[in-house]
Amino acid sequence: DYQDAATFDALRRTLGSVERPLFYLAIPPSLFGTVVSELARSGCATQARVIVEKPFGRDLASAQALNASIHQSFPEPAVYRIDHFLGKEAVQNLLYFRFANAFLEPDWSREYIDAVHITMPEPFDVRGPGRFYEEVGAIRDVFQNHLLQILSLLAMDRPAASDGDAIDAARVALLEAIRPLRAIDVVRGQYRGYRNEDGVAPKSRVETYVAARLEIENRRWSGVPFLIRTGKCLALTATDVGVRLKRPASALFDSGASAHRNEFRFGLNPDVFIALTAQAKVPGEAMIGEDVRLVEHRCLSDEMEPYERLLGDALRGDRTLFGSQAGVEAAWRVVDPILKGDEPVLEYDCGTWGPEEARRVAADAGGWLEPSVVERSREPDT
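Student: Could you give an account of the overall build of the protein chain, naming the residues involved and the relevant values?
Tutor: Along its length, the protein chain carries nine helices and 12 strands. Against the 2.2 N^0.38 benchmark of 21 Å for 382 residues, the protein chain shows a C-alpha radius of gyration of 23 Å, consistent with a compact globule. The principal-axis extents of the C-alpha atoms in the protein chain amount to approximately 85 × 55 × 50 Å. The 382 residues of the protein chain split such that 51% are buried. Within the protein chain, contacts between residues separated by at least 24 positions form 74% of all contacts whose residues are at least 6 apart in sequence.

Student: Requested: an account of the state of the cysteines, with residues and values cited.
Tutor: The final tally for this structure, using the stated rule, is zero disulfides. For the unlinked cysteine Cys 350, the closest cysteine sulfur is that of Cys 233, found at 3.3 Å. The exposure class assigned to Cys 350 is partly exposed, which follows from its relative accessible area of 43%.

Student: Please set out the sheet that holds strand E8 (residues 239-245) residue by residue, giving values where relevant.
Tutor: Strand order in this open sheet of nine strands is E11-E10-E9-E8-E4-E7-E6-E5-E12, and the pairing throughout is mixed. The open sheet is flanked by strand E11 (289-298) and strand E12 (345-348), the only strands paired with a single partner. Neighbour-to-neighbour, the strand axes of the sheet open up by a mean angle of 20 degrees, direction not taken into account. As judged from the four bridges shared by strand E5 (residues 186-191) and strand E6 (residues 209-215), these two strands associate in the antiparallel manner. Bridging from a neighbouring strand, Arg 188 pairs with Val 210 of E6. On top of the sheet, helix H4 (residues 89-100) reaches strand E9 (263-269) and strand E10 (272-281); it is set at about 150 degrees to E9, its chief contact.

Student: Pulling in residues and values, what's your account of the nonpolar core?
Tutor: Counting 108 residues, the largest nonpolar core has Phe 74, Leu 214 and Phe 266 as the members making the most contacts within it. Considering every element that reaches this core, the biggest residue donor is helix H5 (residues 131-155), with 13 residues. Those residues in contact with Phe 74, other than ones at most four positions away along the chain, are Phe 23, Val 36, Leu 39, Ala 45, Ala 48, Arg 49, Val 50 and Val 79.

Student: Requested: an account of the sheet that holds strand E2 (residues 49-53), with residues and values cited.
Tutor: Pairing within the open sheet is parallel, and its three strands lie in the order E1-E2-E3. Either end of the sheet is taken by a strand with one partner, and the two such strands are strand E1 (22-25) and strand E3 (79-82). Each neighbouring strand pair of the sheet contributes to a mean axis angle of 20 degrees, computed without reference to strand direction. In terms of strand pairing, E2 meets E3 through four bridges, oriented parallel.

Basis of the calculations
Residues numbered from 1 in each chain as written. Predicted model: local features only at pLDDT ≥ 70, side-chain atom pairs only at ≥ 80, totals over all residues. Heavy atoms only, no water. Helix = DSSP H or I, 4+ residues; strand = E, 2+ residues; numbered from the N terminus. Rg over C-alpha atoms; globule rule 2.2 N^0.38 Å. Buried < 20%, exposed > 50% of the residue type's maximum accessible area, 1.4 Å probe, protein only. Contact = heavy atoms within 4.5 Å. Disulfide = S-S within 2.5 Å. Pairing = 2+ DSSP bridges. Axes fitted to C-alpha atoms, helices over the stretch in contact; angles between N-to-C directions. Core = buried A, V, L, I, M, F, W, Y, C linked by side-chain atoms within 4.5 Å.

See the structure below:
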């Protein structure tokens with residue numbers, strides 16, 4: 001019973017001479033304040049760390065209140081806001097790939113990049129009683145946290161160092177540079193049949209789909225659209241990043257190549273890969289090109305699970321893969337203006353890519369990039 005002080009007194013006795021305990025709060029957010037306060041009163045919080053499971057509030061104001069409540073018992077360096085997406089090997093590789101390769105950095109800006117797409121479709125419904133989803137919706141469930149974290153790793157400037165504080169500072173600076181969303185930037189949808197789910201209001205306006213266009217107002221990215229879409233009951237399962245480069249300023253070869261674009265693709269789930277689409281010459285006398293795809297593919301089935309990695313990091317006091325107060329509040333500032341908006345929630349059929357109106361969001365960027373599929377080469381017959 002989290003309301004009973006005896007619970008925490010018993011916990012203190014059980015801990016005995018343990019030093020630096022780590023408390024993992026996978027509990028309803030409404031109880032965070034009560035629990036951290038009782039941990040401090042009972043002496044459990046001395047030299048301790050605390051992991052806070054998402055959601056970190058419902059909007060900017062509640063996130064700020066939650067942070068203030070936790071800080072009454074735990075200082076910021078002892079607070080670990082966990083987002084399992086940051087523990088995924090493929091997501092960490094975004095950060096490594098960007099800053100470990102000399103060929104990439106000169107091209108990674110508005111000078112060469114035309115648009116960035118982040119897509120996270122899921123083919124299933126809300127999976128169980130809809131009462132929980134009624135409280136969150138797609139924006140709070142994955143957009144404000146998972147997808148903005150991916151965006152920050154893709155777009156942030158080079159950190160001053162490789163330690164957790166420097167990486168977090170670079171992520172926060174990027175999030176603070178994102179222009180808060182406006183109604184015109186967003187299309188919200190709801191799959192047909194959602195209102196029949198158990199626990200869902202008959203006239204629910206909770207979105208199960210969101211497509212948004214974000215602008216980053218800094219020197220590196222000004223004018224480049226960052227296009228994010230996610231939703232339930234869509235065509236397939238994927239977490240996919242597409243970075244579309246601009247066309248060459250002048251075409252040296254009149255081969256139809258101007259219709260093609262160079263692209264970087266990052267498959268994060270379920271296929272994990274990095275791919276580059278480029279133009280190469282078709283065999284023959286004519287200087288005619290075709291798209292070729294260079295793919296590095298990895299199967300991560302035997303890799304460490306995200307929570308395994310993150311809990312281990314927290315035990316060691318490594319905050320690199322955890323969210324900070326500044327980062328959480330910066331992400332809420334991006335979505336806060338549209339959380340209570342009166343924009344329509346458009347119905348869409350299951351198995352599709354969402355409402356037709358979502359095409360508008362990406363229209364001037366050449367349309368949405370569908371998630372990429374790795375074509376594995378077959379072993380030769382023997």
